[in-house]
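Given next are the chains, with one letter for each unit.
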Amino acid sequence: MSWLAGRCSDPLEILASYPREQVDRLLRIPNKRLHRDVAAIAELAKPSSLFVHTGSPEDREYVRRRALERREELPSKFPKHTVHFDGPRDLARDKANTRILVAGGREIPLVNTLDRDAGLREVAELLKGIMEGREMLVAFYLYGPSGSPSTLYGVQITDSAYVMHSEDILYRNGYSVFAERGEGFEYMLFVHATGALDENGWCRDVEKRRVYIDPEGNATYSVNTQYAGNTVGMKKLALRLAVYKGFREGWLAEHMFIVGVKGPGGRVSYFTGAFPAGCGKTATTMIADTVVGDDLALVRDFEGEARAVNPEVGMFGIIDDVNPEDDPEIYRVLTDPEAEVIFSNVLLTEEGDVWWRGKPGEPRKGLNYAGPWWPGKLDEQGKEVPPSHPNARFTVSVRHLAKLDPRIDDPLGVPVSAFVFGGRDSTAWPPVEEAFDWDHGIATKGAALESERTAAVIGRVGEVEFNPFAILDFLSISPGAFAELHFRFARRLERVPKVFGVNYFLRGRDGGYLAEKRDKRVWLKWMELRVHGDADAVETPTGRIPVYEDLRELFDRELGKEFSERLYEEMFAVRVPQQLKKLERVLAIYERMPDSPPLLLAILKEQGRRLKEFRAVRGDWVSPFKLDRR
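These numbers come from a predicted model, not from an experiment.

**Student:** Please give an account of the overall build of the chain that cites residues and values.
**Tutor:** Of the regular secondary structure elements, the chain holds 18 helices and 33 strands. On C-alpha atoms alone, the chain measures out to a radius of gyration of 25 Å, which is about the 25 Å that the 2.2 N^0.38 rule sets for 630 residues. Each principal axis of the C-alpha distribution contributes one length, and for the chain these read about 80 × 55 × 50 Å. Within the chain, buried positions represent 63% of all 630 residues. Counting contacts in the chain only where the partners sit at least 6 residues apart, residues at least 24 apart contribute 74% of the total. Carbon and sulfur atoms make up 48% of the accessible area of the chain, which amounts to about 23500 Å² in all.

Okay, here's the thing in structure tokens:
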């Protein structure tokens, strides 16, 4: 039960002051906890009006119209395209003020925690009267396909039409399901309040920005922020609650895409993949043959098989550098006048055009995340203000994708053949590598993931940071416990997926990137062949890499591109000192965690031993041509 439910003794009395039609919509869901939750927020935040979203086309249009009327979104030259600005101080997830509420403030390794009672008291104070003069919107969403045993359920309460408009695009409406399920129905609760706004319509009190996740109450609270990563409850806030629930019940809530890769004879193999922000996750999704989802996956065991569902039906992706040459599918969707799109923190020109870095043409005078913009504009420090922010985003339905997989709504999801982990690593990891087995892959690819920081998170861009499973910012349990859950999950499977590591950012001796963006397709195709035993591999101390002849054939067939022996050698050479340095960094982190699984530590140490023995015989830099084919 949420903390709010105990704060409201007579919800009908509190709700009586709001329009009867809206209250009746709420009461058509026969769930007393829900009534108390909504009434408790209304009593605390004191909105002047109430809107309950039924999911009808009329209600969807109402939400979209209110976002424009409130200027939370601005129109562009295409009626279905709108633009949202968060303001220069509210442009990314706020790690410092995002906390997991736990009893007694118990510490969780690498997870930002806060005493639950103290956090809820602070939330109550911040919410007092925060919606005065505003409309409180309530909506119901499915976190997965309708009728799926994997699906979770969410209730969003917010005073932001932009937040609800985003969720209308990203998720399936669940009002009718809530009405059918009635009492005793478990749901996640998301409470958001924008807070005071300045003359630009941006959050004024960002120093009081708080994003608190309460796993015990199955609820989240965010205040004094507009950025979708902090406010759209069904997105990464729900992921934290799902991680906690999955840990207790033995299934996986992942920060992963789900794609289909076609192999010989027209077969389709499904992969899930975890990449930190800005590391090629969306690009990989779009270059695959079919798309189930680009960001999140719920993975459960069904009759000994890992099956994944996408809890979403939309994409909230980074738009920076999306261009027609490298990203033709997503570019087509974003420039389609008939696709409903919310652009955030891009440039909106005076002519009503939307521009971002990577879009053909030059930026022209208009509005952006920092206010009026013109070519050559400088900030207070004398630095040039970019026309579009590096963390500019798009929100759009996956239904517009030509590559949408027909099983997007399958209640049982799709069978997972492989887990793929990728980050930014300029020195050590090869472009693609297969783990020796599930446990080895979880330990050395997933749990050991590191990446260069991007603009999606507040902090210094370019720093290399530890990001296990590409989910560190969204964990409500420790990384050690999350790794242990993966080991435990596979023990129940009769068909265990393969595990691969990929790295699109390896640099050569001249300092330049060795791989092109479109090369991702070749790495996917090789992994598909390996899943079915249709390609050989070269064994190294850290895993199995492709045979040159196989890649040469794949590059020719898939890309019409020549792949030289010299490039192969530089891409797939075993860089022993760099591998050891990376391994030692990761091992040191887990050795400091009291709940790191002994199996994880043993696998990491064993890989270190192999690398040192390998170096003693072969040296620091070893050509793949000198290794045996296995």
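Next comes the rest of the account.
**Student:** Tell me what's going on with the sheet that holds strand S22 (residues 366–368), and back it up with residues and numbers.
**Tutor:** Spatially, the four strands line up as an open sheet ordered S21-S20-S22-S23, and their pairing is antiparallel. Unpaired on one side and paired on the other, strand S21 (354–355) and strand S23 (371–373) mark the two borders of the sheet. When strand S20 (residues 347–349) meets S22, the two strands line up antiparallel, connected through two bridges. Directly across from Leu348, in S22, lies its bridge partner Leu367.

**Student:** Could you give an account of the sheet that holds strand S2 (residues 74–75), with specific residues and numbers?
**Tutor:** As summarised here, the arrangement of the five strands in space is S2-S3-S19-S24-S18, forming an open sheet in which the pairing is mixed. Both edges of this open sheet fall to S2 and strand S18 (314–318), since each of them pairs with a single strand only. Pairing geometry for S18 and strand S24 (residues 393–397), over five bridges, is antiparallel. Among the inter-strand pairings, Gly317 is bridged to a residue of S24, identified as Phe394.

**Student:** Account for the nonpolar core, naming residues and giving values.
**Tutor:** Formed by 160 residues in total, the largest nonpolar core has its most connected members in Tyr143, Trp523, Met527 and Leu551. Not counting residues within four places of it along the chain, the set of residues in contact with Trp523 comprises Pro431, Val432, Tyr504, Leu551, Phe555, Met571 and Phe572.

**Student:** Let's hear about the pattern of salt bridges: which residues, and what values?
**Tutor:** All told, the structure shown has 66 salt bridges when counted by the stated rule. For Glu69, the salt bridge identified is with Arg65, shortest N-O distance 3.5 Å. Taken together, the residues Glu69 and Arg65, both in helix H4 (residues 57–69) and four residues apart, mark about one turn of the helix. Given a relative accessible area of 47%, Glu69 falls into the partly exposed group. The exposure class assigned to Arg65 is partly exposed, which follows from its relative accessible area of 38%. Among the salt bridges present, the one from Glu516 reaches Lys561, with a minimum N-O distance of 3.3 Å. Of the two residues, Glu516 is situated in the loop between strand S29 (498–502) and helix H14 (520–531) and Lys561 in the loop between helix H15 (548–559) and helix H16 (565–572); the sequence distance between them amounts to 45 residues.

**Student:** Outline unusual backbone geometry, listing residues and values.
**Tutor:** Look at Asp321: it is not a glycine, yet its phi comes out positive at around 70°. Structurally, the position occupied by Asp321 is in the loop between S18 and helix H11 (328–334).

**Student:** Before we move on, could you go through the environment of Ser397 and cite the residues and values that matter?
**Tutor:** Inspection of the secondary structure puts Ser397 in strand S24. Once the C-alpha coordinates of Ser397 and Tyr171 are considered, the two residues, 226 residues apart in sequence, prove to be 8.7 Å apart. Side-chain polar atoms of Ser397 contact the backbone oxygen of Val313, separated by 3.4 Å. Separated by 3.0 Å, the side chain of Ser397 and the backbone nitrogen of Arg399 make a polar contact.

**Student:** An account of the packing of helix H12 (residues 438–446) against helix H18 (residues 598–618) is needed here, citing residue identities and associated values.
**Tutor:** Orientation of H12 relative to H18, taken along the N-to-C sense of each, is 85°, at an axis distance of 9 Å. Relative to H18, H12 is oriented roughly perpendicular. Residues Asp439, His440, Ala443 and Thr444 of H12 form the contact with H18, whose own contacting residues are Leu599, Leu600, Ile603, Leu604, Gln607 and Arg610. Looking at the contact of H12 with H18 residue by residue, the classes come out as five nonpolar, three polar and two charged.

**Student:** Could you give me a rundown of the pairing of strand S31 (residues 543–546), with the residues and numbers involved?
**Tutor:** Two strands pair when backbone bridges link them, and strand S30 (residues 537–540) and S31 are joined in this way by four bridges, in the antiparallel orientation. Bridge assignment links Glu539 to a residue of S31, and that residue is Arg544. Counting the residues that bridge the hairpin from S30 to S31 gives two residues.

Cut-offs applied
Residues numbered from 1 in each chain as written. Predicted model: local features only at pLDDT ≥ 70, side-chain atom pairs only at ≥ 80, totals over all residues. Heavy atoms only, no water. Helix = DSSP H or I, 4+ residues; strand = E, 2+ residues; numbered from the N terminus. Rg over C-alpha atoms; globule rule 2.2 N^0.38 Å. Buried < 20%, exposed > 50% of the residue type's maximum accessible area, 1.4 Å probe, protein only. Contact = heavy atoms within 4.5 Å. Areas by Shrake-Rupley, 256 points an atom, 1.4 Å probe, with all protein chains shown as cover. Pairing = 2+ DSSP bridges. Core = buried A, V, L, I, M, F, W, Y, C linked by side-chain atoms within 4.5 Å. Salt bridge = Lys/Arg side-chain N within 4 Å of Asp/Glu carboxyl O. Polar contact = N/O pair within 3.5 Å; in protein donor to acceptor, adjacent residues only side chain to side chain. Axes fitted to C-alpha atoms, helices over the stretch in contact; angles between N-to-C directions. Parallel < 35°, antiparallel > 145°, perpendicular 65-115°, else oblique. Nonpolar A, V, L, I, M, F, W, Y, C, P; charged D, E, K, R; others polar.

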